[in-house]
Amino acid sequence: MQSLSVQGERTDGHVSLYNSRLVVFLEVNLMGRANKVVLAYSGGVDTSVCIPYLKEEWGVKEVITLAADLGQGEELAPIKEKALQAGAAQSLVGDATERFVKDYAFPAIQANALYENRYPLSTALARPLISQLLVEAAEKYGADAVAHGCTGKGNDQVRFDVSIVALNPNLKVLAPAREWGMSREEAMAYGERFGIPMSVKKSSPYSIDRNLLGRSIEAGVLEDPMTEPPEEVFAMTRVIADTPDEPEYLEIGFEQGIPKTIDGKTLHPVALITQLNERVGKHGVGRIDMIENRVVGIKSREIYETPALLVLIQAHRDLESLTLTADVSQYKRGIEDTYSQLIYRGLWYSPLREALDAFILRTQERVTGTVRVKLFKGNATIVGRESDNSIYAPDLATYGAEDEFDHKAAEGFIYIWGLPTRVWSQKTKGEQGKG
Ligand code: ARG
């Protein structure tokens, strides 16, 4: 505002600076930050409050919400309705569960992607897909911006912002909750002013993200890393005391690194994950409790439940050990770590992922076969594996009479293999000995 009053008084080069600030001021406050916005919508407090906030505070003329069905097992019809009540011009629901499994989960399984060696990225993988849905909707409905309800502390804002710009650099990304500075109570009060019903029941003390691949739970008592997660946080996995007293076996069939069958029966990708979640979770398998390093530098305590994904990665990795050469396996481990990091850090749509995908896909050509898994009391144990492409050679491996390995060849090999060590030892230890 001040820049307006001093504008005419300046005769030096600063005039243009003030003018450009005036333009920004007008754009933001008079014309609004955007005309038409597609907002990622979950039905929760923050994203609901975003609707009136975008319109009232940021001058957005039309808010279109988009709720993504990623198999979270939640009725989306009421969410759709809620968005309209909160002032959305249109409320879209995108069913993307199949895409989620085929285009995001399966490549991650082929990559054995575990962030910091533990977290199979169930939440992280959903963000590039939701971003894609947002961008598709924005293009279809002629929106000039997309928006999300992430705060400034998490990973998800990074994933949305970077994915959206990667898909369409002309779209603006608005993140009201990152800027509004309202506490949760204030946000709820703000929402109530615009007729957004806030659920009367005491809201969960946890922050939970859920989709077909798993649940991520944080906050509340979990913020103390020494506090054991209360049983109430879990929903996909049983407590050991309630798991069956008999082990259960399952056989997972892979084709080129993609899971296709369970117990010999071909299943649709979504059905396969659904069935595995249930059978694996029933035995108390799939819980993770970890301190992880967020992109924004914060360490956070996270609880995950990802029964199917964890067992699939475990089984897939085992099948690779039967079908890949030692050097490819070893090299791939480094690729896997990089791949996991890029998913976590929001770089799904990046030239790096495309390049790594090319490597990974080539390695998967012969990763076809079956893995037998035993589930019992919180453990998933691989107890068998077979493949027509197996490069396990029984004649070489056996300790029995059929042994075809040339034992004498080992001697010369070891002499040369150990030569540098011999020379080094003679130089350092041999001279000491002489005194
Ligand atoms: N830390 C996990 C990730 O960045 C999960 C965060 C999910 N959000 C939540 N509200 N629990 O992928």
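Please refer to the structure placed before this passage.
Residues numbered from 1 in each chain as written. Predicted model: local features only at pLDDT ≥ 70, side-chain atom pairs only at ≥ 80, totals over all residues. Heavy atoms only, no water.

### Things to note about helix α6 (residues 126-141)
And then number 1: With 16 residues, α6 ought to run about 22 Å at 1.5 Å a step, and its terminal C-alpha atoms sit 23 Å apart, in line with that.
And then number 2: Listed as buried for α6 are A126, R127, P128, L129, I130, S131, L133, L134, V135, A137 and A138.
And then number 3: Two residues or fewer after α6 comes G142, characterised by a positive phi angle close to 65°. (Helix = DSSP H or I, 4+ residues; strand = E, 2+ residues; numbered from the N terminus. Expected span 1.5 Å × (residues − 1). Buried < 20%, exposed > 50% of the residue type's maximum accessible area, 1.4 Å probe, protein only.)

### So, the pairing of strand β3 (residues 90-95)
And then number 1: Sheet topology note: the strand β2 (residues 62-69)/β3 ladder contains 6 bridges and is parallel. Counted as the bridge partner of D69 is D95 from β3.
And then number 2: Note on the crossover from β2 through helix α4 (residues 77-85) to β3: the handedness is right-handed. (Pairing = 2+ DSSP bridges. Right-handed = clockwise from strand over helix to strand, strands pointing away.)

### Structural notes on the sheet that holds strand β5 (residues 172-174)
Two strands in a sheet stick together by hydrogen bonds in their backbones, pointing the same way (parallel) or opposite ways (antiparallel).
And then number 1: Strands sit in the order β3-β2-β1-β4-β5 across an open sheet of 5 strands; the sheet is parallel. Edge positions in the sheet fall to β3 and β5, since each has one partner strand and no second. Taken over all neighbouring pairs, the strand axes of this sheet differ in orientation by 25° on average, direction set aside.
And then number 2: Bridging between strand β4 (residues 145-147) and β5 involves 3 bridges; their strand directions are parallel. Across the sheet, A147 pairs through a bridge with L174, a residue of β5.
And then number 3: Each of β1 (36-40), β2, β3 and β4 touches α6; the most contacted strand, β1, lies at about 155° to it. (Axes fitted to C-alpha atoms, helices over the stretch in contact; angles between N-to-C directions. Contact = heavy atoms within 4.5 Å.)

### As for the site of the ligand
And then number 1: Near the ligand you find 13 residues, and of these Y119, N155, R159, S207 and E292 are the closest.
And then number 2: A distance of 2.9 Å separates an oxygen atom of the ligand from a polar atom in the side chain of R159.
And then number 3: One of the side-chain N or O atoms of E302 is found 3.2 Å from a nitrogen atom in the ligand.
And then number 4: For the ligand, the accessible surface in isolation is 350 Å², of which the surrounding protein chains cover 91%.
And then number 5: At the level of secondary structure, the elements contributing two or more residues to the shell around the ligand comprise β6 (207-211), β7 (214-218) and β12 (299-305).
And then number 6: Residue classes in the shell around the ligand are distributed as 4 nonpolar, 4 polar and 5 charged. (Near = heavy atom within 4 Å. Polar contact = N/O pair within 3.5 Å; in protein donor to acceptor, adjacent residues only side chain to side chain. Areas by Shrake-Rupley, 256 points an atom, 1.4 Å probe, with all protein chains shown as cover. Nonpolar A, V, L, I, M, F, W, Y, C, P; charged D, E, K, R; others polar.)

### What about the state of the cysteines?
And then number 1: As enumerated under the stated definition, the model contains 0 disulfides in all.
And then number 2: For the unlinked cysteine C50, the closest cysteine sulfur is that of C150, found at 9.1 Å.
And then number 3: Accessibility expressed as a relative area gives 0% for C50, which makes it buried. (Disulfide = S-S within 2.5 Å.)

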